[in-house]
Amino acid sequence: MRRVSVCDIANMKAKGEKIPMVTAYDYPTARMAEAAGIPMLLVGDSLGMVVLGYDSTIPVTMEDMLHHVKAVARGARQSLIVGDLPFMTYHIDSSQALTNAGRMIQEGGAQAVKLEGGKCVAETVHRIVSCGIPVMGHLGLTPQSINAFGGYKVQGRGRQQAEQLLRDALALERAGAFSVVLELVPTPLARLVSQRLAIPTIGIGAGAGCDGQVQVLHDMLGLFTDFVPKHAKQYAQLAQTAQNALAQYAKEVREGAFPTSKESFNMDEAALEGL
Ligand code: KIV
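None of the values given here were measured: they were computed from a predicted structure. (Residues numbered from 1 in each chain as written. Predicted model: local features only at pLDDT ≥ 70, side-chain atom pairs only at ≥ 80, totals over all residues. Heavy atoms only, no water.)

> When you look at the overall build of the protein in this model, what are you seeing that I'm missing?
Along its length, the protein carries eleven helices and eight strands. For the protein, the C-alpha atoms occupy an extent of roughly 85 × 40 × 35 Å along the three principal directions. Excluding contacts between residues fewer than 6 apart, the proportion of contacts in the protein whose partners are at least 24 apart in sequence is 59%. Put simply, the protein shows about 14,100 Å² of open surface, and 55% of that area lies on carbon and sulfur atoms. (Helix = DSSP H or I, 4+ residues; strand = E, 2+ residues; numbered from the N terminus. Contact = heavy atoms within 4.5 Å. Areas by Shrake-Rupley, 256 points an atom, 1.4 Å probe, with all protein chains shown as cover.)

> So what exactly am I meant to see when it comes to the site of the ligand here?
Taken together, the residues surrounding the ligand are Thr-23, Leu-42, Gly-44, Asp-45, Ser-46, Asp-84, Lys-114, His-138, Val-181, Glu-183, Ile-204 and Val-214. Contacts to the ligand include Asp-84, whose side-chain N or O atom sits 3.2 Å from an oxygen atom. For the ligand, whose free accessible area comes to 260 Å², the fraction covered by protein is 96%. Looking at the shell around the ligand residue by residue, the classes come out as four nonpolar, four polar and four charged. (Near = heavy atom within 4 Å. Polar contact = N/O pair within 3.5 Å; in protein donor to acceptor, adjacent residues only side chain to side chain. Nonpolar A, V, L, I, M, F, W, Y, C, P; charged D, E, K, R; others polar.)

> Help me understand the state of the cysteines in this model?
Cysteine pairs can be linked by a disulfide, which is a covalent bond between their two sulfur atoms. Applying the stated rule across the entire model yields zero disulfides. Summary of cysteine pairing: Cys-7 is not part of a disulfide, and the nearest cysteine sulfur, belonging to Cys-131, is at 18 Å. For Cys-7, a relative accessible area of 52% translates into the label exposed. (Disulfide = S-S within 2.5 Å. Buried < 20%, exposed > 50% of the residue type's maximum accessible area, 1.4 Å probe, protein only.)

> I tried to follow the pairing of strand S5 (residues 135–140) on my own but got confused; where do I start?
Side chains on a regular strand alternate between the two faces of the sheet. Burial runs high along S5: six of the six residues are buried. Of the two faces of S5, the one holding Val-135, Gly-137 and Leu-139 and the one holding Met-136, His-138 and Gly-140 are both buried throughout. As judged from the two bridges shared by strand S4 (residues 112–114) and S5, these two strands associate in the parallel manner. The residue bridging Val-113 from the neighbouring strand is Val-135, located in S5. Following the chain from S4 across helix H6 (residues 122–130) to the adjacent parallel S5, one finds a crossover that is right-handed. As paired elements, S5 and strand S6 (residues 179–183) share five bridges and run parallel to each other. In the strand pairing of S6, Gly-140 is matched with Glu-183. (Pairing = 2+ DSSP bridges. Right-handed = clockwise from strand over helix to strand, strands pointing away.)

> Quick question: what am I supposed to make of the nonpolar core here?
General note: in soluble globular proteins, nonpolar side chains tend to be found buried as a group. Grouped together as the largest cluster of nonpolar side chains are 74 residues, with contacts concentrated most on Met-40, Leu-41, Met-104, Ile-128 and Leu-182. Here this core gets seven residues from one element, more than from any other, and that element is helix H8 (residues 159–175). Once you skip the residues sitting within four places of it in the chain, Ile-128 turns out to touch Ala-97, Leu-98, Ala-101, Val-113, Leu-115, Ile-133 and Val-135. (Core = buried A, V, L, I, M, F, W, Y, C linked by side-chain atoms within 4.5 Å.)

> Before we go on, may I ask you to explain helix H9 (residues 187–196) in this structure?
For H9, the full list of buried residues reads Leu-189, Ala-190, Val-193 and Ser-194. Taken end-on, H9 shows its buried residues confined to a sector of 135 degrees, consistent with a single buried face. Opposite the buried face of H9, at more than 90 degrees from it, the exposed residues are Pro-188 and Gln-195. The inward-facing, buried residues of H9 abut helix H1 (6–14), H8, S6 and strand S7 (201–204). (Arc of directions from axis to C-beta.)

> Help me understand unusual backbone geometry in this model?
When glycine is set aside, most residues are seen to have a negative phi, and most peptide bonds are trans. Residue Pro-259 is reached from Phe-258 by a cis peptide bond, and omega for that bond is 0 degrees. Structurally, Pro-259 can be placed in the segment after helix H11 (238–255). We note that Met-88 has phi near 65 degrees; this positive angle belongs to a residue other than glycine. Its place among the elements puts Met-88 in the loop between strand S3 (80–84) and helix H5 (94–108).

> Looking at this model, I keep getting lost on the pattern of salt bridges. Mind explaining?
Opposite charge on two side chains permits pairing when their charged atoms draw close. Summed over the entire model, instances satisfying the criterion amount to nine salt bridges. The salt bridge involving Lys-114 is made with Asp-84; its shortest N-O contact spans 2.9 Å. Here Lys-114, found in strand S4, pairs with Asp-84, found in strand S3; they are 30 residues apart in sequence, far enough to count as distant. Comparing Lys-114 with Asp-84, the two get one shared label, buried. (Salt bridge = Lys/Arg side-chain N within 4 Å of Asp/Glu carboxyl O.)

What follows is the structure in structure tokens.
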């Protein structure tokens, strides 16, 4: 089966089909998400928090991202892979942005990149898109600006903020973005933006009016337990399941109950005679 393309994602909105998206960070998570029929995978810089243990996405580097994007590309052969451009890898100028977007595609094996911001990155988006690299925008709570926001707060509640968000979304669409993530945006505003844009909106904490949804895999599988964001639904508690399994393993090793002959290898003991 061929890989999902940005045209397929556009068609899904045109047909009124909701778009599920999830983050993936390595070979096994990419394999699982693809096998579950998820058409679009995000190698998000959220990996800085849920995989690498940083307290924000700010420390994540281009090299970190490439390492993980390559693993996801080895695991997912059909889902569309979007690689997140990390903090300060597209802000200096559009040449820097284009170089890093190119690396994400050429070295990493992603089919698209994501970057945060609205009007202020529109020119950069245009430059990357005109070189044949699809770009996903990201508005609302943009985690790379956490120091400016002063916390993970809902964005766009007031009239001015809402107007600005709509203007930014339209600017991204005009610049050629193929979709836009809306993070921590009130449901009515996200619905309005979704109706005004021809390109799909992908929500996270932005309500059911978006064209698609994205979730952080480690939140929804209960693998990240430091905190559970309000917008995340836990479909499983895998950290607890894994911890129970590991505790059972440790107990069996201590008691001599593991390994048994089933997990061991035999030989003709005559070969050991006289040793
Ligand atoms: O890095 C990430 O996982 C993201 C999603 C939260 C949209 O940007």
